[in-house]
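Architecture at a glance
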Amino acid sequence: MAGEINEGSVPAYYREVYEAIGCRTDERVQVEVFQRLLQRTDLSKAVLGQIAEHVESTDGFLSKLSLYKALALIALAQQGKQPSPKLLENCIQELPKPQLGEPRDLNALRMQPAQDDVLTMSQTLDKLLARDTVQVELIPEKKGLFLKHVEYQVTSQRYKISVYRRYSDFDVFHEVLLQRYAYRVVPALPPKRMLKGVLTSISEREFIEGRRRALCRFINLVARHPFFSEDELVKTFLTFSGSDVQAKLRDAYKKTGDEFMTNRVATLAKEYLPADIQAQFSTSRDLIRNIHNSFHKLRDRAEKIAERSKENATDLLMFGRELSTLGSDTSTLPSLASTQSTWGALRQSLKSLSVEFSVLSDKAAQQGRREEDDVVEKLNLFLDLLQSYRDLCERHEKGVLHEHQRALHKYGMMKRQMMSATVQPKEQASVEQLESRIVQQENAIQTMELRNYFSLFCLHQETQLIFTYLPITSHILGAFVNSQVQGHREMGKVWNELQPKLGCLFGGNNGVSPST
């Protein structure tokens, strides 16, 4: 974008064109609308292609400044000049005016959004996953022999940067994100410390690793969310390398406030909601609750499968060691043992088999890690999202609705007080005070009603987000099947190599099935 183009320096005509074709609900212009605008210029296809090449758009929209840049390029092209950003740098005095007719006539180019256009999120799982991938790695800082505290290296693929964060930084980030987006799915954080009951069944090392994984899932869900991902809070958390990220996050929130205050649709939400929104919400919530229960069971089974692979690795290793111990026994055999000569040779062979069993153990351990990293973690990621959706439904019902009902009740009481005050004459000052409080309460109720509709609006969008994530089921199944295929293939290869070595242990094929 040419540095000279900013909102303050553009001609009034540019702003009039933007007002005519811009979206009603945010400060952007649909690419389809912009393409229709280009058709009005009478420029050749080749020139239009050059203009489009220099104009940035994201997710099917142009920003206001992108449109202004495009208008300047159109004007240059209409003057017979090559439309390039370099030429714009020379337009210091005033940007040229394109020939597009009266701005009011351009209104027709704007696609009138359908009632649910703003409500509908056109996302795919691949698009969401491509927004960012964030790694969270442990950096334990030791003080003497004891672990002083745990620090994390957080690396964002999108911003190509690593920053260092403590658990308390995640905690403050989560707190301000929830304040800013109370009507959205904000995943929960893992607990800071081990619960007392857990101490017996899990080591501190395992707890810290589990917490690292949970923090990684949390930040990835947040960094990929269609609304959070573009928010200053998320960018600050992922990129700010100053000394006090917590103060920076709190300042960023104070500047913007909650989403209701900044979202341009907030006060219009009721217009966009379908008439049967409550019924739709109820149906979706029940369906997602069932999906959540099923995925919970799938995760529990996947955990057991991964655990069994790790136990299998231990058992195979111990089996091989025991064979080695048996083979290493140099005790002299009694002369009465009729199989003395056979056992001596057999013993030597057993000793060498522990190598293969050690390899088998490694392969089983690798399979366990794959099942844990690729299958269990993906299931946990989706479960975290499903749980945060259920938390959101609860916030909506216990928060917004409850506050609304309480305010209406308070308003009713005030009205009754007012009626009794008019029946029984009281001091003029106290009646006026009551009237003033009633007006304040009416305003509060109006705001709450708007917030309630906006909360339903956001819930409807977040429900779509859950369904956008549902195809992750195929990723999970693919990872599960691939892990089994790879594990069985690798272990099968070692078993096949081991089989011929058993030949020397038996006379003929005794005890060993020939390979088919």
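Per an unreviewed UniProt entry, the protein chain goes by Sorting nexin-8a isoform X1 and derives from Scomber scombrus. The record in UniProt for the protein chain states the following under Sequence similarities (unreviewed entry): "Belongs to the sorting nexin family."

1. Here's the deal with the overall build of the protein chain
When its secondary structure is counted, the protein chain shows 16 helices and five strands. A burial count over the protein chain gives 42% of its 516 residues as buried. Taking the contacts inside the protein chain whose residues are at least 6 apart along the sequence as the reference set, 75% of them involve residues at least 24 apart. Of the roughly 29,000 Å² of accessible surface on the protein chain, a fraction of 52% belongs to carbon and sulfur atoms.

2. A few points about the pattern of salt bridges
One pass over the full model with this rule turns up 21 salt bridges. Across the salt bridge formed by Arg212 and Glu209, the nearest N and O atoms sit 2.9 Å from each other. Of the two residues, Arg212 and Glu209 are both situated in helix α8 (residues 204–224); the distance of three residues between them amounts to about one turn of the helix. For Glu209, a relative accessible area of 27% gives the class partly exposed. When the shortest N-O distance is used, the salt bridge between Arg213 and Glu377 registers 3.6 Å. Pair noted here: Arg213 is in helix α8 and Glu377 is in helix α14 (residues 340–423), with a separation of 164 residues, a long-range link. The residues Arg213 and Glu377 share a single accessibility class, namely buried. Each of Glu209, Arg212, Arg213, Arg217, Lys310, Glu372, Asp373, Glu377 and Asp384 takes part in one network of salt bridges that share partners.

3. Concerning unusual backbone geometry
At Asp42, a residue that is not glycine, the phi angle is positive and equals roughly 60 degrees. Tracing the backbone through its elements, the reader meets Asp42 in the loop between α2 (31–39) and α3 (45–53). Overall, the relative accessible area of 73% leaves Asp42 in the exposed class. For Lys160, which is not a glycine, the phi torsion comes out positive at approximately 50 degrees. Take Lys160: it is sitting in the loop between β4 (146–156) and β5 (161–166). The class of Lys160 is exposed, set by a relative accessible area of 71%.

4. Thoughts on the packing of helix α13 (residues 277–328) against helix α16 (residues 472–498)
Orientation of α13 relative to α16, taken along the N-to-C sense of each, is 15 degrees, at an axis distance of 13 Å. Comparing their axes, α16 and α13 come out roughly parallel. The way α13 lies across α16 gives a crossing that is left-handed. In this structure, α13 contributes Phe295, Ile305, Asn312 and Leu316 to the contact, and α16 contributes Thr473, Ile476, Phe480, Gln484, Met491 and Trp495. For the contact of α13 with α16, the class distribution of residues is seven nonpolar, three polar and no charged.

5. A look at a negative patch on the surface
Side chains of Glu206, Glu307, Glu311 and Asp315 sit close together on the surface and give a patch of like negative charge. Mapped onto the fold, Glu206 is located in helix α8. For Glu206, a relative accessible area of 47% puts it in the partly exposed group.

6. A look at the side chain of His460
Along the polypeptide, His460 turns up in helix α15 (residues 428–469). For His460, the contacting residues outside a window of four places in its chain are Leu119, Ile277 and Gln280.

7. A word on the layout of surface pockets
Within this model, the second largest pocket holds a volume of roughly 1,100 Å³. Residue lining of the second largest pocket: 36 residues in total, with Gly210, Arg217, Glu303, Glu377 and Asn380 positioned closest to the centre. Looking at the lining of the second largest pocket, the element that brings in the most residues is α8, giving ten residues. Taken together, the residues that form the lining of the second largest pocket break down as 15 nonpolar, six polar and 15 charged.

Cut-offs and rules
Chains are numbered independently. Their residues run from 1 in the order of the written sequence. With the structure being a predicted model, the display of local features is reserved for residues of pLDDT at least 70 and the display and counting of side-chain atom pairs for 80 or more, all residues being used for whole-chain, interface and lining totals. To get the side-chain values, all heavy atoms of the structure are used, and hydrogens and water are removed first. UniProt positions are given in the numbering used here, feature names are shortened, and annotations may be inferred rather than shown by experiment. Under the DSSP-based scheme used, a helix requires at least four consecutive residues in state H or I and a strand at least two consecutive residues in state E, with every element numbered from the N terminus. Buried means the residue's accessible area, taken with a 1.4 Å probe over protein chains only, is under 20% of the maximum for its type, while exposed means over 50%, and partly exposed covers the values in between. Any two residues whose heavy atoms approach within 4.5 Å at even a single point are treated as in contact. Note on areas: Shrake-Rupley with a 1.4 Å probe; residue coverage comes only from the protein chains shown. When a carboxyl oxygen of Asp or Glu lies within 4 Å of a side-chain nitrogen of Lys or Arg, that pair is called a salt bridge. Interaxial angle, 0 to 180 degrees, is taken between N-to-C directions of lines fitted to C-alpha atoms, where a helix line uses only the stretch in contact. Geometric relationships in this document are graded by angle, where less than 35 degrees denotes roughly parallel, more than 145 denotes roughly antiparallel, 65 to 115 denotes roughly perpendicular, and other angles denote oblique. Note: crossing handedness is left-handed where the near helix turns anticlockwise from the far helix by less than a right angle, and right-handed where it turns clockwise. Residue type decides the class: Asp, Glu, Lys and Arg count as charged, Ala, Val, Leu, Ile, Met, Phe, Trp, Tyr, Cys and Pro as nonpolar, and the leftover types, Gly among them, as polar. Here the term patch refers to residues with relative accessible area over 30% and no salt bridge, with like charges joined within 9 Å and nonpolar side chains (Val, Leu, Ile, Met, Phe, Trp, Tyr) within 5 Å. Only four residue types enter the charge count: Lys and Arg as positive, Asp and Glu as negative, with His and the chain ends excluded. Where a charge lies is defined by one atom per residue type: Lys uses NZ, Arg uses CZ, Asp uses CG and Glu uses CD. The pocket and cavity definitions rest on a 1 Å grid over protein atoms only: a 1.4 Å probe that fits but cannot leave marks a cavity, an open set with protein on both sides within 12 Å along at least five of seven lines marks a pocket, and residues lining either have an atom within 4 Å of a point. Grid points are joined across faces, edges and corners, and a volume is the space filled by probe spheres set on the points.

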